[in-house]
Amino acid sequence: MDKPQEKCAVAAIVSRHPVARPLFFSLRTLQHRGQEYAGIATVDERGIHSVRGKGLVHQVVTEDNIDELTGNAGIGHLLYSIKLSKRENIQPVIVKTSEGSMAISHNGIIVNSPDLRNKLREEGHIFFTDTEEEAMVYLITKELHRGKSVTEAIRLAMRKTEGSYALTFIIQDRVFALRDPMGNRPLCLGRLPDGGFMAVSESVAIQVLGAEFLRDVEPGELVELTPDRLISYQLFPETHKAHCFFEWVYFARPDSRIDGIFGYDVRFRIGERLAKDNPVEADLVSPIPDSGRAHAIGYAHGSGIPYLEGLIKNRYVTRTFIMPDRDAQRTSVRLKVNVLDHLVAGKRIILVDDSIVRGTTIREIASLLRRRGAAEVHVRVGSPPLRHPCYLGIDMTTRDEFIAHDRTVEEVEKEIGVDSLAYISPKGLVESIGLPAEQLCLGCIIGEYPLKLPSERMRFQHRVEDYLSE
Ligand code: SF4
């Protein structure tokens, strides 16, 4: 895929009724956040029960095994495309400890996890998985062993970690949700219609269950879910918010509300802003389906140019295999999108998408449109040029994978073969989200990060206005 990839979704539900099915439906709703592995763990008086495996959630949790997931409390997880070396690594990770069995689901990344694992190994812990989640469980267990309460054990353990996390846990039959002090990964709370509570990565899963959206989990807040109430512990002071801007631009469903703001609204405003800042004469505005749709509608609204869908997506082709040559890449793009020739022939088209990573898909689509008779192809992009890796859990790990890394906008325009190319400016992006820049992570566009990383710059080494003026 020529898109940044989110790696996970998490969910937790506690109710007076069995939670396997509501967890299943929550994960089905959040399937866009991870399609490679899925898992649910529930707990009752007999212990923790789990069903985990490779595939979409309905391929893993089926009518044949869902009844194994007994209990009125549980957590769930979806993982994107990392290849796992062993089955035990599939989340929720379940670990038997001297303090009882625990289950943990994690969205994010612990950047000092290799150090933590090494230290724990030196202390004699034997790891059964290759995961950072198992390290978190051992850190919590150590504190429980010293007689700390569960919430204090979580605080002391997580204080040793650096990175991003939205976590759901089962510890000693209790279910918790925790968000990192930056609020980098999303996590929100809902009240179920027939009693009980849920914590999930995106609000759309709350709506789909007919539950009431309550609020986002605060950065640094631990929430215990019980059938009757939510118990909140502010474990860490919110040091500096750094919400991932990509949640609004691409990762989250447009109908999800992240930290009080709908993805759809942000995308629409980005489109309007692109139309204002980067106008071009054209006959129609068309999205790259589906990710560019709300941006394109905003562009059409802002420019007064008609909105038409000149490209139709095959929803059942979800992955681009590694294609060895240009011909094979063309076939792959044609499998994913087809052109409505009679709409585009002879027309000047503005194509709108949310972001460009490698540039391979947009290049093929532009070339396809020309071959089908488009007179001009202009591209407008809903995020500024991606030039720097993400260290906080998104699958963009090296600078080399970005077409814009060592190229100017004009050079990228030439490389992808379009008549004009323009990206939303960092200022336009921040204003379209509607939060202060100081509350956002913009690492992959500005190369400055909200936490200390070897050989990278901390934000904000420049004044915020300096890179917003771009
Ligand atoms: S570096 Fe980019 S993708 Fe990663 S968390 Fe920050 S804004 Fe999100």
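Residues numbered from 1 in each chain as written. Predicted model: local features only at pLDDT ≥ 70, side-chain atom pairs only at ≥ 80, totals over all residues. Heavy atoms only, no water.

Visitor: Can you help me understand the overall build of the protein in this one?
Guide: Within the protein one finds 16 helices and 25 strands. Whereas a compact globule of 470 residues would reach a radius of gyration of roughly 23 Å, the protein reaches 23 Å, a difference of no more than 12%. C-alpha extents for the protein along the principal axes are approximately 70 × 50 × 40 Å. Taking all 470 residues of the protein together, the buried fraction comes to 59%. (Helix = DSSP H or I, 4+ residues; strand = E, 2+ residues; numbered from the N terminus. Rg over C-alpha atoms; globule rule 2.2 N^0.38 Å. Buried < 20%, exposed > 50% of the residue type's maximum accessible area, 1.4 Å probe, protein only.)

Visitor: Would you explain the domain arrangement of the protein in this entry?
Guide: As a measure of interface size, the accessible area lost when the parts come together is often cited. Domain boundaries assigned for the protein yield domain 1 (8–239) and domain 2 (262–438). Distance between the C-alpha centres of domain 1 and domain 2: 35 Å. Contact residues are listed per partner, giving eleven residues for domain 1 and six residues for domain 2. Applying the counting criterion to the domain 1 and domain 2 interface returns zero salt bridges. Linking domain 1 with domain 2 are one residue pair in polar contact (both at pLDDT 80 or more). Elements represented by at least two residues in the side of domain 1 that touches domain 2 include exactly β6 (100–110) and β7 (163–171). (Domains from an automatic or database assignment. Contact = heavy atoms within 4.5 Å. Salt bridge = Lys/Arg side-chain N within 4 Å of Asp/Glu carboxyl O. Polar contact = N/O pair within 3.5 Å; in protein donor to acceptor, adjacent residues only side chain to side chain.)

Visitor: Got a minute to help me understand helix α12 (residues 360–371) in this structure?
Guide: Note that an α-helix has 3.6 residues per turn; residues three or four places apart therefore point the same way. Taking 1.5 Å of rise per residue, twelve residues should cover 16 Å, and α12 covers 17 Å from first to last C-alpha, within 8% of that figure. Within α12, burial applies to I362, R363, E364, I365, A366, S367, L368 and L369. (Expected span 1.5 Å × (residues − 1).)

Visitor: Hey, could you run me through the nonpolar core in this one?
Guide: In summary, soluble globular proteins display a tendency toward joint burial of nonpolar side chains. F245, F246, L429 and I433 are the most contacted members of the largest nonpolar core, which has 46 residues in total. Put simply, the parts of the chain that give this core at least two residues each are α7 (246–251), α8 (263–277), α9 (293–303), β20 (348–353), α14 (426–433), β23 (440–441) and α15 (443–446). Of the residues forming this core, the biggest block, five residues, is contributed by α7. Apart from the residues within four sequence positions on either side, L429 is in contact with F245, V249, I270, G382, P384, I424, L442 and I445. Membership of the second largest hydrophobic core comes to 29 residues, among which are V95, L116, A135 and L144. (Core = buried A, V, L, I, M, F, W, Y, C linked by side-chain atoms within 4.5 Å.)

Visitor: What is the right way to look at the environment of R348 in this model?
Guide: As for its position among the elements, R348 is in strand β20. Given a relative accessible area of 25%, R348 falls into the partly exposed group. Between the C-alpha atom of R348 and that of A375, which follows or precedes it by 27 residues, the distance is 5.3 Å.

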